[in-house]
Structures are given as C-alpha cells and as structure tokens.
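Residues per chain, in single letters:
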Amino acid sequence: MAATNGSIFAAMLEEFDVAARILNLEPGIWQILTHPKRQIIVSCPVQMDNGEIEVFTGYRVQYNITLGPAKGGIRYHPGVTLDEVTALAAWMTWKCAVAHIPFGGGKGGIVCDPTKMSQRELEALTRRYVAEIVDAIGPEKDVPAPDVNTNEQIMAWIMDTYSMHVGHTTTSVVTGKPVELGGSLGRREATGRGVMIAAREAAKHFGIALKDTRIAVQGFGNVGGVSAHLLAQQGARIVAVTDWKGGVYNEKGFDVPALMEYTRQHKTVAGFAGGQPLPAGDFWGLEVDVLIPAALENQITIENAPAIKARIVIEGANGPTTPEANDQLHNRGIFVVPDILANSSGVTTSYFEWVQDRYGYFWTEQEVNQRLEAKMCEAFDAVLKTSLKYKVDMRTAAYIVAISRVATVTRMRGMYA
Ligand code: GLU
C-alpha cells in the first residue's frame, strides 16, 4: 500500500481499488464509482453572540445515489475538509450497500468548533446551512443524520428549517431526530448496538464468548460509550477507555454506567475515580482481546499498529485505520471488522426511522432492535462468507459486497446521456 499523505479520500480509493481489481470491475463503472456525483460548498454567515458576523464554510457531498437517496450524517468540527467529507460520503455509499438498505451515500460537514459556540449560535448556523442546501436535500433526494458533534436537537432544527421552506412538516428529511418529532426508538443506541453485535459475531468466529473478552475503547461519545455499555451488559470487561483529553484503565473492568455519568458531567473520561490514569502512549499496546476505535479517522497508523496485541479490531469510527496499518494488522492475523460493516447499524436504524416517518406508523423499541439484529447479522454473514470465498480480509470483502451491489444496479439502470 502506498502512503496516502493524509488524504482520507485517497485512503478510501486505495481500499476501493483492492476490491475492484479482485472483481475485475470494468473501467467505466470503476470511473463512476470513484467520482463523487455532487459536491456542494456553501458559506454560512452567522451573527455571533458578541454581535460580530462570522462566516462558516459548509459542505454536503452526494457521492452516489444509484441505490436511493443520498444518506449520511453532518459533522461539526474545526478539522472538516472537502477531502474528508467526500471520503465519508463514499464510505456511506459502501456502508448502505453492505447493510443492504435502499440508500446512496452522502455526508456533510461544517468547519466550526461547537464546543466554543452557544446554543443560539449553533441553531443559527444549522438553520443557515440548511437554507443554503435546501434544494439539494429532501426525503427522496438526500437525508442527513447526526455525526461527530451533532445531535438530536440539531436534527430537530434541520427538520424544522426544511419544513418551513417547503411549507409543510416533513419529518423524513432527516434521521436521528428526537422521538417526539418522528425519531425512531433505538436510533440513539443503534450504532453502539451494532458495534456490540459485530464484536459478538467476530468473537464467535474465533470460538470466544463475549463474557471472556477484555476490551479497550477509543472515544466515549455516542458510539464508544454505548458500545462499551452494551458489551459490558453482555459480560465483557471494558478495561480501558480513552478520549480527546485522556484515558483510564481498570483491570477488573469499568462500571460503565458510572463512567458514562462521570463523562456527562466532565465531558471526558479523564480523572474518573473508578480506574487509574492511562498514559496516551500505552493505549494501543494493551493486552486486550478486542480493540474498538470509536473516535475519528487515521488513528491506527503504521506507527502504532505494530504495538497492537488485540486479536479483533471493531471499527466503530469511520476510517480509523490507514491502509498501510490495515495491511500490517491483516498480515499479523488480526481480524479487523471494517467501519462500513461494524458501524452500519446507525444508518440501518436511520433507514427504519425514514420508513416509519413515511408510513406515519411507529414501531416498538423491541421491533426496531429485532430488525436491527437481523440486518446486522445478515450483513456480517455476507461479508464473512465473501472473505472466506475470496480469501481476503473483512475490509476487502465488505468492499466486494458493496461494489458488486452498486455496480449491478448501475449496469441495470444504464447510462443517461
Ligand atoms: N453518521 C452515521 C454514520 O457515519 C449515521 C449516518 C446516518 O444515519 O445516515 O454512519
């Protein structure tokens, strides 16, 4: 694998190419699937609380809409770039295809630091961003959702702004909404639930029960926190957790609800009394069975991959492993369940939310979770079987499944010109 010089889209393309070569993908389809369909850049002026005007840059990328409306979250982060959002939109395309749901892939982002903004400023920014892209989104066109630093409240503002523009309440324009206004039960926990299922299935593949595993989690937000909680409920020992500010370690396994409560108050796991401080450099080399990167991209690199002792890596985040690090892990027999499979339950439950909104008929949490379990196991089986059939790692197998599905429909639909 060549170094991708920090370009996340280049890393996505490397992963894509490995699978496309194995599939002998024809050059025309190869070209289509490696180009974003549409990239939108908008400037969003906002009057800040101090009276001054600041202009924020926002992106929305619709990478591919062959299987259905573009689908994917919106992230608020100072490091957002068009390169990153395009890669994330591509990953959504493959993720929806692996999950076998009728959506294409999209992603949005705004370059901002939400930790330094008031609720009023965040609301103004969100509404202006939606107003700028309002013609491009819609239940049949492009359906946003939460991602890094965005939440149910922000989805409610998106739904409201869009509805005001079109003149009627349109709940299915966005997913991850509060349950009171068309959100789905189980959506908030869905990504973490899917990560738990992926860890369970991967452990089962090695003949290990979850209750006999020791797990380390990077990131303790919606994905890392809920995954840790559900895994601990299954009897797994969560021995290490790190986040942007620091890390904690507990040989016996954390009391995860207590750690969640601490994090709610302190915005970090650092300083939690139910464990000892974990120096940042020690995290990747810990003696654990399962490692769950659930923060941002490019975390497992060629520098720290050799230290990893876990047998299984479950990618809760999008793109946490660089292509070179992925090869390093694979060559050492470490089983990596890739992002486009491992964290796909978030968007699968977004699909359930979209279906419920369009029906105007809502399911119980048990129904949502049963359907999610079935979809996640179906996706995991399809990828595992493909990996055994082609003798490739799980990431390449997931791409083979995804590319095959999107390419088949692309060929059937033909070219419009
Ligand atoms: N942001 C999540 C992801 O990366 C969820 C996307 C969605 O539900 O549309 O998969």
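Everything discussed here concerns the structure shown above.
Note that the coordinates shown come from a computational prediction; the quantities given were computed from them, not determined experimentally.

1. Overview of the packing of helix H7 (residues 222-233) against helix H8 (residues 256-266)
Close contact between H7 and H8 brings their axes to 9 Å; oriented N to C, the two are set at 160°. With respect to H8, the element H7 is oriented roughly antiparallel. At the point where H7 passes H8, the crossing takes the left-handed sense. Between H7 and H8, the contacting residues are Gly225, Val226, Ala228, His229 and Ala232 on the first element and Val256, Pro257 and Met260 on the second.

2. Here we look at empty space enclosed by the protein
A complete count under the given rule lists one cavity of 30 Å³ or more for this structure. By volume, the largest cavity amounts to about 30 Å³. Sorting elements by how many residues they give to the lining of the largest cavity places helix H1 (residues 8-23) first, with three residues. Of the residues in the lining of the largest cavity, the class split is three nonpolar, four polar and one charged.

3. Here's the deal with the layout of surface pockets
Each pocket or cavity is described by its volume, and for the second largest pocket that value is around 360 Å³. For the second largest pocket, the full set of lining residues is Ile32, His35, Lys37, Tyr63, Asn64, Ile65, Thr66, Thr410, Arg413, Gly414, Met415 and Tyr416. Of all the secondary structure elements, the ones that give two or more residues to the lining of the second largest pocket are strand E2 (53-64) and helix H13 (394-413). Its residues assigned to classes, the lining of the second largest pocket comprises five nonpolar, five polar and two charged.

4. Side note on the sheet that holds strand E3 (residues 70-77)
Read from one edge to the other, the open sheet built from five strands follows the order E1-E2-E4-E3-E5, with strand pairing classed as mixed. The open sheet has two edge strands with one neighbour each: strand E1 (38-47) and strand E5 (142-146). Mean inter-strand twist for the sheet, computed between neighbouring axes without regard to direction, equals 25°. Where E3 lies against E5, five bridges are found, and the strand directions are parallel. Each bridged residue has a counterpart across the sheet, and for isoleucine 74 the counterpart in E5 is proline 146. Each of E1, E2, E3 and strand E4 (105-111) is contacted by helix H3 (residues 82-99), which is oriented at about 35° to E2, the strand it contacts most.

5. Considerations on the environment of phenylalanine 206
Summarising the element assignment, phenylalanine 206 is placed in the loop between helix H6 (187-205) and strand E6 (214-218). Residues phenylalanine 206 and arginine 311, spaced 105 residues apart in sequence, show a C-alpha to C-alpha distance of 9.3 Å. Apart from residues no more than four positions distant in its own chain, phenylalanine 206 is found in contact with Arg311, Ile312 and Phe335.

6. A short note on the nonpolar core
If you look at the biggest cluster of nonpolar residues, it comprises 76 residues, and the most contacted ones within it are Met12, Trp94 and Ile314. Here this core takes 10 residues from H13, the largest share from any one element. Contact partners of tryptophan 94, with chain neighbours within four places excluded, come to Met12, Phe16, Leu33, Tyr63, Ile340, Tyr399, Ala402 and Val406. Core analysis: the second largest hydrophobic core is formed by 27 residues, Met48, Tyr129, Ile154 and Trp157 among them.

The rules behind these values
Residues numbered from 1 in each chain as written. Predicted model: local features only at pLDDT ≥ 70, side-chain atom pairs only at ≥ 80, totals over all residues. Heavy atoms only, no water. Axes fitted to C-alpha atoms, helices over the stretch in contact; angles between N-to-C directions. Helix = DSSP H or I, 4+ residues; strand = E, 2+ residues; numbered from the N terminus. Parallel < 35°, antiparallel > 145°, perpendicular 65-115°, else oblique. Left-handed = near helix turned anticlockwise from the far one by under 90°. Contact = heavy atoms within 4.5 Å. 1 Å grid on protein atoms, 1.4 Å probe; cavity = no way out; pocket = protein on both sides within 12 Å on 5 of 7 lines; lining within 4 Å. Points joined across faces, edges and corners; volume = space filled by probe spheres on them. Nonpolar A, V, L, I, M, F, W, Y, C, P; charged D, E, K, R; others polar. Pairing = 2+ DSSP bridges. Core = buried A, V, L, I, M, F, W, Y, C linked by side-chain atoms within 4.5 Å. Buried < 20%, exposed > 50% of the residue type's maximum accessible area, 1.4 Å probe, protein only.

Limitation: the analysis is restricted to geometry and does not speak to function.
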